[in-house]
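Each chain is listed here by its residues.
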Amino acid sequence: METNGLEWLVVPMQQLVSWGAAGAMVFGGVVPYIPQYRDIKRTQNAEGFSTYVCLVLLVANILRILFWFGRRFESPLLWQSIIMIITMLLMLKLCTEVRVSNELNLKRRSFADFDLKYFWHWSKFTDYMQCVLTFTGVTGYITYLSLDSFLFVETLGFLAVFTEAMLGIPQLYRNHQNRSTEGMSVKMVVMWTSGDTFKTVYFILNQAPFQFSICGLLQVFVDIAILLQVYFYSYYPQKPASHTAHPVSTKAL
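Since this is a predicted model, take the numbers as computed values, not measurements.

As for a nonpolar patch on the surface
Side chains of Leu-217, Phe-221, Ile-224 and Leu-228 sit close together on the surface and give an oily, nonpolar patch of about 400 Å² of accessible area. Of note, Leu-217 is situated in helix α9 (residues 210-235).

As structure tokens, then:
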């Protein structure tokens, strides 16, 4: 009798938790980029942030949306991709504007030059948009022609989440190359690690396609590797800290 009497409370609570988890999935991924965006805006210095992070996330989420057309998964994961694409475009726009404003005698480089040497180092945000739209159009057309192929759809899904799992690699390499994590936001990396952990648990509990769970675990391992870099380079500095006119921008993955 007591159990039946509590149903009116338990059921709404379960629904509330479910909505909360879905909301965290949709918006949680972009939260760590808010402090990074504000720091770049405040300091007018984007040197600590690798725009290849934007490239990786744009490719990964475009592929994930295309994967959805071949194998429907939960709506929160689809909306997460849409929100992330918008966020990465905003980050890319700000970084491009800041970089161009800080460089003197900047030679005009455009996507239409098709110069691999300057790939993803163009002078205007519109060039990045042309690249993203071209990639979306080509991959979208190929996906449309191959939706009946089980192997293609599953491979597409794997490429989508594997690309996202490699998100931290550009920053990991940048830190190794600089022998320093100066300009990188530790706060953001910690938020990223906790978010990726939550996301991976969400994938497993909600029985998302197996590609999501495997690559989610890989992403957590990369995040931990970057945190280890923070510890190592803080306690065992490899070079003197550079002194710039700008305050250190709290960079993030």
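Continuing now.
A closer look at the UniProt feature "transmembrane region" (unreviewed entry) in the chain
Residues annotated in UniProt with the feature "transmembrane region" (unreviewed entry) correspond here to residues 16-37, 49-71, 77-95, 125-144 and 211-233. Taken end to end, residues 125-144 is 100% helix and 0% strand, and its first and last C-alpha atoms sit 28 Å apart. For residues 211-233, helix accounts for 100% and strand for 0%, while the C-alpha atoms at its two ends are 33 Å apart.

So, the confidence of the model for the chain
Per-residue confidence for the chain gives a mean pLDDT of 82, with 87% of residues at or over 70. The spread of mean pLDDT over the elements of the chain runs between helix α1 (residues 2-28), the lowest at 70, and helix α5 (residues 125-146), the highest at 96. In this model, residues 240-253 is a region of pLDDT below 50 whose contacts with residues beyond four sequence positions or in other chains number 48 contacts.

Quick word on the nonpolar core
One finds Tyr-33, Ile-40, Phe-49, Leu-58, Met-88, Trp-120 and Phe-212 to be the most contacted residues of the largest nonpolar core, which totals 50 residues. Every element with two or more residues in this core is listed here: α1, α2 (33-43), α3 (52-70), α4 (75-102), α5, α6 (150-165), α8 (186-205) and α9. Sorting elements by how many residues they give to this core places α3 first, with twelve residues. In this view, Phe-212 contacts Arg-64, Phe-67, Phe-73, Leu-77, Val-161 and Phe-203; residues no more than four positions away in its chain are not counted. Judged by nonpolar contacts, the second largest core, of five residues, contains Met-184, Val-222, Ile-226 and Val-230.

Quick look at the packing of α5 against α6
Where α5 meets α6, the axes come as close as 9 Å, and the angle between the chain directions of the two elements is 145°. Two secondary-structure elements touch here, α5 through Ile-142, Thr-143 and Ser-146 and α6 through Phe-152, Val-153 and Leu-156. Residues of the contact of α5 with α6, tallied by class, amount to four nonpolar, two polar and no charged.

Regarding the environment of Gly-140
For Gly-140, the location among the structural elements is in helix α5. Expressed as a C-alpha distance, the spacing of Gly-140 and Ile-65, which sit 75 residues apart in the sequence, is 9.6 Å.

Focus on the pattern of salt bridges
Tallying each qualifying case throughout the model produces seven salt bridges. Residues Asp-39 and Arg-42 are paired through a salt bridge, measuring 3.1 Å at the closest nitrogen-oxygen approach. With a gap of three residues between them, Asp-39 and Arg-42 both fall in helix α2, about one helical turn apart. On the basis of relative accessible area, Arg-42 is assigned to the exposed category, the value being 54%. For the salt bridge of Asp-127 with Arg-108, the shortest nitrogen-to-oxygen distance reads 3.0 Å. Of this pair, Asp-127 sits in helix α5 while Arg-108 is found in the loop between α4 and α5, placing the two residues 19 residues apart along the sequence. Take Arg-108: its relative accessible area is 42%, and that puts it in the partly exposed class.

What counts and how
Residues numbered from 1 in each chain as written. Predicted model: local features only at pLDDT ≥ 70, side-chain atom pairs only at ≥ 80, totals over all residues. Heavy atoms only, no water. Patch = residues over 30% accessible without salt bridge, like charges linked within 9 Å, V, L, I, M, F, W, Y side chains within 5 Å. Areas by Shrake-Rupley, 256 points an atom, 1.4 Å probe, with all protein chains shown as cover. Salt bridge = Lys/Arg side-chain N within 4 Å of Asp/Glu carboxyl O. Helix = DSSP H or I, 4+ residues; strand = E, 2+ residues; numbered from the N terminus. UniProt positions renumbered as here; feature names shortened; annotations may be inferred. pLDDT = per-residue confidence, 0-100. Contact = heavy atoms within 4.5 Å. Core = buried A, V, L, I, M, F, W, Y, C linked by side-chain atoms within 4.5 Å. Buried < 20%, exposed > 50% of the residue type's maximum accessible area, 1.4 Å probe, protein only. Axes fitted to C-alpha atoms, helices over the stretch in contact; angles between N-to-C directions. Nonpolar A, V, L, I, M, F, W, Y, C, P; charged D, E, K, R; others polar.

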